[in-house]
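One-letter residues, chain by chain:
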Amino acid sequence: MELLDNYENEAELVFDSVSRNEGFARMVAAVFTAQLNPTIEELNDVKTAVSEAVTNCIIHGYPNIKGKIKMTLRLKKRQLEVTIEDEGVGIVDIEKAMEPLYTTRPDMERSGMGFAFMEAFMNDLKVESEPGHGTKVFLRKIFSDNPDSE
């Protein structure tokens, strides 16, 4: 997946990896996405994908410690690109981590469906990670032409 060139609008948010900030990130993404006049379903897709990515940073990226999470949002025409990154422990095996039902935190009753949900709700998903240096998740959503936007 290529990053969007010549984007029309961009926002960046850096916040602590604490669970109460998951909802904050979700709402920021929703408000930013509202510029596209998305359908309710499209907006819920973005909110769910962002929620899953941020939760992964909190639970897996920074287990038992507090770190920083950076979320970047970019718009170009009818597309939204979201990048969510941490500088946490990283992922040893990305392919394995992306398998549905796989979790490294069964002690927390995690479902192992985070990446599967991100992939289902967005048009593109890409994950880059290096053990000991963090993880970066790229999400892209292409929006329909909403007849109510005129």
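Conventions used here
Residues numbered from 1 in each chain as written. Predicted model: local features only at pLDDT ≥ 70, side-chain atom pairs only at ≥ 80, totals over all residues. Heavy atoms only, no water. Pairing = 2+ DSSP bridges. Helix = DSSP H or I, 4+ residues; strand = E, 2+ residues; numbered from the N terminus. Axes fitted to C-alpha atoms, helices over the stretch in contact; angles between N-to-C directions. Contact = heavy atoms within 4.5 Å. Salt bridge = Lys/Arg side-chain N within 4 Å of Asp/Glu carboxyl O. Buried < 20%, exposed > 50% of the residue type's maximum accessible area, 1.4 Å probe, protein only. Phe/Tyr/Trp six-rings, centres within 6.5 Å; stacked < 30°, edge-to-face > 60°. Lys NZ or Arg CZ within 6 Å of the ring centre and 35° of its normal. Polar contact = N/O pair within 3.5 Å; in protein donor to acceptor, adjacent residues only side chain to side chain. Expected span 1.5 Å × (residues − 1). Core = buried A, V, L, I, M, F, W, Y, C linked by side-chain atoms within 4.5 Å.

1. Examining the sheet that holds strand β2 (residues 68-76)
Thinking step 1. Taken in spatial order, the five strands make up an open sheet running β1-β2-β3-β5-β4, and their pairing is antiparallel. Unpaired on one side and paired on the other, β1 (9-16) and β4 (124-130) mark the two borders of the sheet. Neighbour-to-neighbour, the strand axes of the sheet open up by a mean angle of 10 degrees, direction not taken into account.
Thinking step 2. Of the pairings in the sheet, the one linking β4 to strand β5 (residues 134-142) comprises seven bridges and is antiparallel in character. Of the residues in β5, the one forming a bridge with Lys 126 is Phe 138.
Thinking step 3. Contacting β1, β2, β3 (79-86) and β5, helix α2 (residues 40-61) crosses the sheet at an angle of about 10 degrees to β3.

2. Comments concerning the pattern of salt bridges
One side chain can pair with another of opposite charge once the charged atoms of both are near each other.
Thinking step 1. Counted under the stated rule, the structure contains 11 salt bridges.
Thinking step 2. Salt-bridge contacts for Arg 74 lead to Glu 81; the nearest nitrogen and oxygen are separated by 3.0 Å. Taken as a pair, Arg 74 and Glu 81 share a single burial class, namely buried.
Thinking step 3. Between Lys 136 and Glu 85 there is a salt bridge, and its shortest N-O distance comes to 3.8 Å.

3. Quick word on the packing of aromatic side chains
Thinking step 1. Tallying each qualifying case throughout the model produces zero aromatic pairs.
Thinking step 2. In this structure, Lys 126 packs its charged tip against the face of Phe 138, placed 5.6 Å from the ring centre.

4. Comments concerning the environment of Ser 129
Thinking step 1. Tracing the backbone through its elements, the reader meets Ser 129 in strand β4.
Thinking step 2. As for Ser 129 and Gly 90, which are separated by 39 residues in sequence, their C-alpha atoms are 5.4 Å apart.
Thinking step 3. Contacts of Ser 129, omitting those with residues within four sequence positions, involve Gly 90, Ile 91, Ile 94, Gly 134 and Thr 135.
Thinking step 4. Polar contacts involving the side chain of Ser 129 include one to the main-chain carbonyl oxygen of Gly 134, which spans 3.0 Å.

5. Re helix α1 (residues 20-33)
What sets the pattern is the α-helix's 3.6 residues per turn: residues three or four places apart point alike.
Thinking step 1. Over its 14 residues, α1 extends 21 Å from the first C-alpha to the last, a length consistent with the 20 Å expected when each residue adds 1.5 Å.
Thinking step 2. All of the buried residues in α1 are Asn 21, Glu 22, Ala 25, Ala 29, Ala 30, Phe 32 and Thr 33.
Thinking step 3. Each element contacted by the buried residues of α1 is listed here: β1, α2, β2 and β3.

6. Considering the nonpolar core
Thinking step 1. Core analysis: the biggest nonpolar cluster contains 30 residues, and Val 50, Met 71 and Ile 84 have the highest contact counts within it.
Thinking step 2. Put simply, the parts of the chain that give this core at least two residues each are β1, α1, α2, β2, β3, α4 (114-121), β4 and β5.
Thinking step 3. With seven residues, the top contributor of residues to this core is α2.
Thinking step 4. Sequence-distant contacts of Ile 84, defined by excluding residues within four places in its chain, comprise Val 50, Ala 53, Val 54, Cys 57, Ile 69, Lys 70, Met 71, Thr 135, Lys 136 and Val 137.

7. Some words on unusual backbone geometry
Thinking step 1. Here Asn 37, not a glycine, exhibits a phi torsion of approximately 50 degrees, which is positive.
Thinking step 2. Topologically, Asn 37 is positioned in the loop between α1 and α2.
Thinking step 3. Not every positive phi belongs to a glycine, and Asn 64 is a case in point at roughly 65 degrees.
Thinking step 4. Relative to the helices and strands, Asn 64 is located in the loop between α2 and β2.

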